[in-house]
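Tertiary structure, described
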Amino acid sequence: MSDFVAEVFQNEFLPVGAETVDAIVTVRSSGGATGAAPAADVVQMIIIDTSGSMTEEGGRKMRAARDATQAAIDTIRDGAHFAVVGGNGGAYMIYPHEGLAVSDARTRQEAKDRVDRVEAKGGTAIGTWLQAAAYLAGLRPEAIAHAILLTDGKNQHEESWVLDKSIAACVGLFQCDARGLGADWEIEELRKVASALLGTVDIIPRPEDMAAEFTKLTQAAMGREVGSVELRLWTPKGSEIEYVKQVAPTLEDLTGSAKPQNPLTNDYPLGAWSGEEERDYHVRINIPVGGVGDERLAARVMLVVDGVDQPAALVRAVWTDDERLSTRINREVAHYTGQAELADAIHDGLAARDTGDQATATVKLGRAVQIAHEAGHEDTVRLLQKVVEVDDAATGTVRLKRDVDRTDEMALDVRSTRTVRVKKG
Amino acid sequence: MECPRCSEVAPVGAKWCEACGADLSAEPQLPCVSCGDRDISYDGYCMSCGHKQPEERDHMVFEAGATVAITDRGLRHRHNEDAAAVGQLPGGGAVLVVCDGVSSTPGSAEASLAAATAARDLLIERLGSSNGASGGSGPTLSDGPSPTGTGAGDRIAEALVASAEVAQAMAAASPEVVSNAPHSQGGPPSSTFVAAIGRPVDGGTEVSVAWLGDSRAYWIEGADAVQLTADHELRGSLTRWLGADSLDTHPDVARHRSRGAGRLLLCSDGLWRYADPPVELAALVGRLESDHTTTRALADALVAHAVSRGGHDNITVALWAPTTDAGSGQQQRTHQRRADAGGGRAGVQERGRVDE
């Protein structure tokens, strides 16, 4: 069983009269099972789009989807439960015929054979696909369940409320990484799925990249050891949790996922964890103001790991009239505040560009280049360079590019929430 | 009585609550100093409003006979690294010690308290044996009708120097040093030191002090105050202190005699920086003493004054009001001092290293 620790980074000193407390909470798991230790009970589901549009590009997309699914199947370890679901206007079992299969050499081969015979036709109804996965995950409620969802198109063949209701029905049953192939899918639709189901969303620009991506996602799922971790926050009477955000490895607002335990305690589900992992969270709390010299606990941070409380870390507030203390900038808080601003600048810049507001787009994307450059976020700088000509990264001086590949623009948008961690030392 | 957990009424003296099994014999938890809630977490925070409850070390009061010492965290520092110790000597004498731990070094709070306590204990051991019970060998403090008490004075000076040595030994041997912990935050624990022996002599008072650093001793008489110590400080840095990294742990020693009634005050810079030069301190005491007629009340008021001025440092006050006339009360002394005001500077003052 892995060990979990939470560490708080903050400037606890507040000027007289201040009520807002910011802290970065780093959660780290370590000492996970190795070698002889029993592997966790995992369920892996692969949901692939088999709608008619997958036959485009001379069947290249469908061939890539088959290859990727087979690569994922090969990555499922012996003893794990798995299923392959096909999605079109409905959802159907590709393998096994019903329920979940137990992974071994034979079942994996059978599954791959079935995947070879999948034909693409029909529409796209992602909510229905998710409902099928929810049913399958529900067969093994104690297991750590994970789904890969692949689509190449918009959710055209069901009402949007069906998708929303379906997502809600899946929360807590399994985690889902959603992938969009090409440029014809809707970022917001898949982001909704991934956010609610504690997974990631990304674009697969070219079909040939899919197999590597599926293998990576399945490997990560096989490495998960702890099915459910919750961030528990006790905050004092009269306080308000303004937000709780995951800030690394990606930005994810968790504020709305709070599960109240009592009037002063809320739990935020963090999903499944591997035995060696680190994530950062930004907590902002408004608390009743104290007097000079007073210390107040702004939050007691606990981790609930598979239902068991773990030792706490403290977010504190100390009011002081010493400006040398209260004006100190905490490096971690400043860094992630900058990363959030970067994501917003990209989002706003691309939105302005879409509506033809070139001036705003130039300013916002320029600011994004500047922040990414300062933070050493090289991946994002590269993505931005496909959309703008950078004249001077340090000052954020850019020009909008005229001809931009749609997949490059989508990659920038969908990956804008990826963050870099604070440089150590 | 009512069970604090489930509110079930239990018979007086019950050890356990019949309803919920709560331990009723346990000491009742003090309510939160901020909101009054009774639920305090194991690490000292109110479980309702989150207010950090004061720690015992944050505010300590020591009393022995006519001597009172108060040490307080103040408002700006997170811990109280100051410490004090007081004691009584036979014949109306008093022992006062103040140590100001350097807040930038971990373990200074423990070091300063250990140093002050050890110094006080040594002074009582060396100077407290006037009555038959403790052997009675050698000269005693109240050594008969000798007009000057020179023999006693030397013995006091030697004892004060020895008390600084034992304080240094405690400060340098604090657990932080023994454990050889990395002193990343500015060296091993360190502390200032000031110790005083006050005793009635020939209807007046004699005060002997020894010190290292910038904690001070004053004799306050009416509108006048004499600073008995001279800070070991150069351009804002201490030149002498207690601690493993101290280069000079030899105290300076001074003696002051006064015929008039007055008060002996030892303090850390957390007080005197708000009342300097000495005449300011005398004026402050003069303003406070009418509403704070006991030594304890006056010491509290001096600490409160430093807090009200910002409390930027830990604050320690040790105060002794000698009873100059056997049987005379507080009230009487106050009148006496007023009558003497201005003319009470009949003291002699000596200062210097004793054994060089």
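Keep in mind it's a predicted model, so treat the numbers as computed, not measured.

What counts and what doesn't
Residues numbered from 1 in each chain as written. Chains lettered and ligands numbered in written order. Predicted model: local features only at pLDDT ≥ 70, side-chain atom pairs only at ≥ 80, totals over all residues. Heavy atoms only, no water. Buried < 20%, exposed > 50% of the residue type's maximum accessible area, 1.4 Å probe, protein only. Helix = DSSP H or I, 4+ residues; strand = E, 2+ residues; numbered from the N terminus. Pairing = 2+ DSSP bridges. Core = buried A, V, L, I, M, F, W, Y, C linked by side-chain atoms within 4.5 Å. Domains from an automatic or database assignment. Contact = heavy atoms within 4.5 Å. Salt bridge = Lys/Arg side-chain N within 4 Å of Asp/Glu carboxyl O. Buried area = accessible area lost by both parts, 1.4 Å probe. Polar contact = N/O pair within 3.5 Å; in protein donor to acceptor, adjacent residues only side chain to side chain. Nonpolar A, V, L, I, M, F, W, Y, C, P; charged D, E, K, R; others polar. pLDDT = per-residue confidence, 0-100. Expected span 1.5 Å × (residues − 1). Axes fitted to C-alpha atoms, helices over the stretch in contact; angles between N-to-C directions.

**So, the pairing of strand S3 (residues 82-89) of chain B**
Residue and element names in this part refer to chain B. By the criterion of burial, S3 is predominantly enclosed, with 7 of the 8 residues buried. In terms of strand pairing, S3 meets strand S4 (residues 93-100) through 8 bridges, oriented antiparallel. Bridging across to S4, Gly87 finds its partner in Val95. Connecting the antiparallel pair S3 and S4 is a turn made up of 3 residues, with Gly91 showing a positive phi of about 80°.

**Overview of the nonpolar core**
Residue and element names in this part refer to chain A. By size, the foremost hydrophobic cluster in this structure holds 55 residues, and its most contacted members are Met45, Leu130, Leu149, Phe174, Trp185 and Leu384. With 7 residues, helix H3 (residues 126-137) is the largest single contributor of residues to this core. Among the domains, domain 2 (39-222) and domain 3 (332-414) are the pair contributing at least three residues each to this core. In contact with Leu149, not counting residues within four places along its chain, are Ile47, Ile126, Trp129, Leu130, Cys176, Asp177, Ala178, Arg179 and Leu190.

**Re the pattern of salt bridges**
It is possible for side chains of opposite charge to pair when their charged atoms get near one another. For the coordinates displayed, the defined rule picks out 56 salt bridges over all chains. Salt-bridge contacts for Asp121 of chain B lead to Arg120 of chain B; the nearest nitrogen and oxygen are separated by 2.8 Å. Owing to a relative accessible area of 18%, Arg120 of chain B belongs among the buried residues under this scheme. For Arg296 of chain B, the salt bridge identified is with Asp300 of chain B, shortest N-O distance 3.0 Å. With a gap of 4 residues between them, Arg296 of chain B and Asp300 of chain B both fall in helix H6 (residues 295-308), about one helical turn apart. One salt-bridge network, in which partners are shared between bridges, spans Glu7, Arg28, Glu278, Asp280 and Arg421 of chain A.

**Looking at the interface of chain A and chain B**
Taken together, the contact between chain A and chain B spans 19 residues of the former and 17 residues of the latter. For the pair chain A and chain B, the summed buried surface comes to about 1,400 Å²; carbon and sulfur atoms form 43% of the total. Its largest share of buried area at the contact with chain B, chain A owes to Glu295, Arg296 and Arg300 of chain A, together 33% of the area lost on that side. At the boundary of chain A with chain B, the tally comes to 4 salt bridges. Close ionic contact of Arg78 of chain B with Glu295 of chain A constitutes a salt bridge, the shortest N to O distance being 3.0 Å. Our count for the contact surface shared by chain A and chain B stands at 12 residue pairs in polar contact (both at pLDDT 80 or more). Going through the elements one at a time, strand S17 (295-305) and strand S18 (308-320) of chain A are the ones with two or more residues in the side of chain A that touches chain B. Taken together, the residues of the side of chain A that touches chain B sort by class into 8 nonpolar, 2 polar and 9 charged.

**With respect to the domain arrangement of chain A**
Residues and elements named next belong to chain A. Domain annotation of chain A identifies domain 1 (3-32 + 227-328), domain 2 (39-222) and domain 3 (332-414). The centre of domain 1, based on its C-alpha atoms, is set 34 Å off from the matching centre of domain 2. The partner domain 2 presents 5 residues to the 6 residues of domain 1 that form the contact. In this assembly, domain 1 packs against domain 2 so that about 450 Å² is buried in total across both faces, 58% of it on carbon and sulfur atoms. It is Gly227, Glu252 and Ala272 that lose the most area in domain 1 upon contact with domain 2, and together they represent 61% of the buried surface on that side. Where domain 1 touches domain 2, the interface holds 0 salt bridges. Seen at the junction of domain 1 and domain 2, the total is 2 residue pairs in polar contact (both at pLDDT 80 or more). Here the side of domain 1 that touches domain 2 gets 4 residues from one element, more than from any other, and that element is strand S15 (residues 265-274).

**Examining the confidence of the model for chain B**
Residue and element names in this part refer to chain B. Chain-level statistics for chain B give a pLDDT mean of 82 and a share of 80% at 70 or above. Model confidence for chain B, summarised as mean pLDDT per element, is weakest for helix H7 (residues 330-340) at 32 and strongest for strand S15 (residues 315-320) at 98. Long-range and interchain partners of residues 131-140, a stretch whose pLDDT sits below 50, account for 10 contacts in this model, where long-range means more than four residues apart. Between residues 326-356, whose pLDDT stays under 50, and residues either more than four places distant or in other chains, the model counts 60 contacts. Across the assembled chains, the prediction reports ipTM 0.81 with pTM 0.80.

**Some words on H6 of chain B**
Residue and element names in this part refer to chain B. With 14 residues, H6 extends 20 Å between its outermost C-alpha atoms, agreeing within 8% with the 20 Å of an ideal straight helix rising 1.5 Å per residue. Within H6, the full set of buried residues consists of Thr295, Leu298, Ala299, Ala301, Leu302, Val303, His305 and Ala306. Positive phi appears at Gly310, one or two residues downstream of H6, with a value of about 125°.

**Focus on the sheet that holds S15 of chain B**
Residues and elements named next belong to chain B. Sheet architecture is open: 6 strands sit in the order S1-S2-S15-S14-S8-S9, paired in antiparallel fashion. Of all strands in the sheet, those with a lone pairing partner are strand S1 (59-64) and strand S9 (224-227), marking the two edges. Across the sheet, the axes of successive neighbouring strands diverge by a mean angle of 15°, strand direction being ignored. Of the pairings in the sheet, the one linking strand S14 (residues 263-267) to S15 comprises 4 bridges and is antiparallel in character. Bridged to Leu266 within S15 is Ala318. Docked against the sheet, H6 engages S1, strand S2 (67-72), S14 and S15, running at close to 155° with respect to S15.

**Details of the side chain of Asp58 of chain B**
All names here are of chain B. Tracing the backbone shows Asp58 in the segment before S1. Classification of Asp58 by relative accessible area gives buried; the value is 10%. If near-sequence neighbours (up to four positions away) are discounted, Asp58 is found in contact with Thr71, Asp72, Arg73 and Asn80.

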